[in-house]
Amino acid sequence: MHRARMFLKRILTPVTILLVPHSRTRAVSVRVPVVAVAASVCLFLIGTVFVVSVSVRAVEYRRMQERLSLVSAHFLEMKGTMLSLKQAEKDFRKLFSLKSKSAVLESVDPGDTGSLDMVVLREQIETAMQSVSEIRGYIAEQKDIHLATPVGWPVAGTISSSYGYRNHPVRGERMFHTGVDISVPSGSEVKATANGIVSFAGWTENSGIVVVAEHGHGFSTAYAHNRKALVRVGQRIARGDVIALSGSTGVSTGPHVHYEIWKNGRPTDPVGFLVRR
């Protein structure tokens, strides 16, 4: 009992705190028990620890939130890429389901709920994207070649003179015929057989009114003895566009279209291209 009384006496012993202002007002003294001072110090320390702990947790929370946002953004990006790859796969399957090469090229338009291994997934996406890019590039190149290659007849008619050596119908000399003559009524629509740019449209002494088009990939075509040219130099044309009206201008025995195909600077027999698809 004596020790308990002594302990209580010590902790209840007052401590005088003297507050001395800088002005001329009287000093103020406050008597506070020792236990109250100790309690205040303890509360201050506990509060300080609590504030520091909350600050650390807030910083960690912000970091976790930023990391979550980054991971979510990566996931959405990859999800979008996977959807694009699936759409590309559908497009390719649709293209290759067509039966002919022309149909394929003319149809081309030159876009698991478990845990994810982000590194592996990104590598797979990069590999798939590279493959899709290579396929798209190949198809685009093949389409360009297809559109630059003369296909079909420039005019609906019959061949009256073939490619190769022949006796010239006017001069009577044996000469090399660098194209084919297609007999048609005067004024028939002459159509381009490939996409390209008009490089000549005008009068020549022997061939009359001629239209020449450059198609790229080494191909050029010429349409001669026309009554009228409907295009101008530098004009872009597409396969099937009407570029002239047939006639019998120049050295000619009747209305027809003299049609030539040049490949890499040399004439070639157009017959193989008339039936090509």
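Residues numbered from 1 in each chain as written. Predicted model: local features only at pLDDT ≥ 70, side-chain atom pairs only at ≥ 80, totals over all residues. Heavy atoms only, no water.

Student: Is there a simple way to think about the pairing of strand E9 (residues 208-216) in this case?
Tutor: Regular strands place their side chains on alternate faces of the sheet. Of all the nine residues making up E9, seven are buried; the element is thus mostly covered by neighbouring parts of the structure. For strand E8 (residues 196-204) and E9, the ladder comprises seven bridges, and the chain directions are antiparallel. Pairing of Thr204 across the sheet is with Gly208, part of E9. Taking the residues between adjacent antiparallel strands as the criterion, E8 and E9 are bridged by three residues. One ladder, built from six bridges, connects E9 with strand E10 (residues 219-229); its direction is antiparallel. (Buried < 20%, exposed > 50% of the residue type's maximum accessible area, 1.4 Å probe, protein only. Helix = DSSP H or I, 4+ residues; strand = E, 2+ residues; numbered from the N terminus. Pairing = 2+ DSSP bridges.)

Student: For this particular structure, what's the right way to read the side chain of Thr149?
Tutor: Positionally, Thr149 belongs in the loop between helix H4 (118-148) and strand E3 (158-161). By relative accessible area, which is 8% here, Thr149 ends up buried. Of note is the side chain of Thr149, whose polar atom sits 2.6 Å from the backbone oxygen of Ile145. (Polar contact = N/O pair within 3.5 Å; in protein donor to acceptor, adjacent residues only side chain to side chain.)

Student: Help me out: how do you make sense of the pairing of strand E12 (residues 242-246) in this one?
Tutor: Taken across its five residues, E12 has four buried, putting it largely inside the fold. Two elements, strand E7 (residues 189-191) and E12, share three bridges in a ladder whose sense is antiparallel. Within the sheet, the bridge partner assigned to Lys191 lies in E12 and is Val242. As defined by bridge partners, E10 adjoins E12 across three bridges and the pair is classed as antiparallel. Looking at E12, one finds that Asn226 is bridged to Ser246.

Student: For this particular structure, what's the right way to read the side chain of His215?
Tutor: Following the sequence through the fold, His215 ends up in strand E9. Judged by its relative accessible area of 8%, His215 is buried. A polar contact of 3.5 Å, which involves the side chain of His215, links it to the backbone oxygen of Ala194. From its side chain, His215 meets the backbone oxygen of Asn195 in a polar contact 2.7 Å long. With residues up to four places along the chain from it excluded, the contact list for His215 reads Ala148, Ala194, Asn195, Gly196, Ser220 and Thr221. (Contact = heavy atoms within 4.5 Å.)

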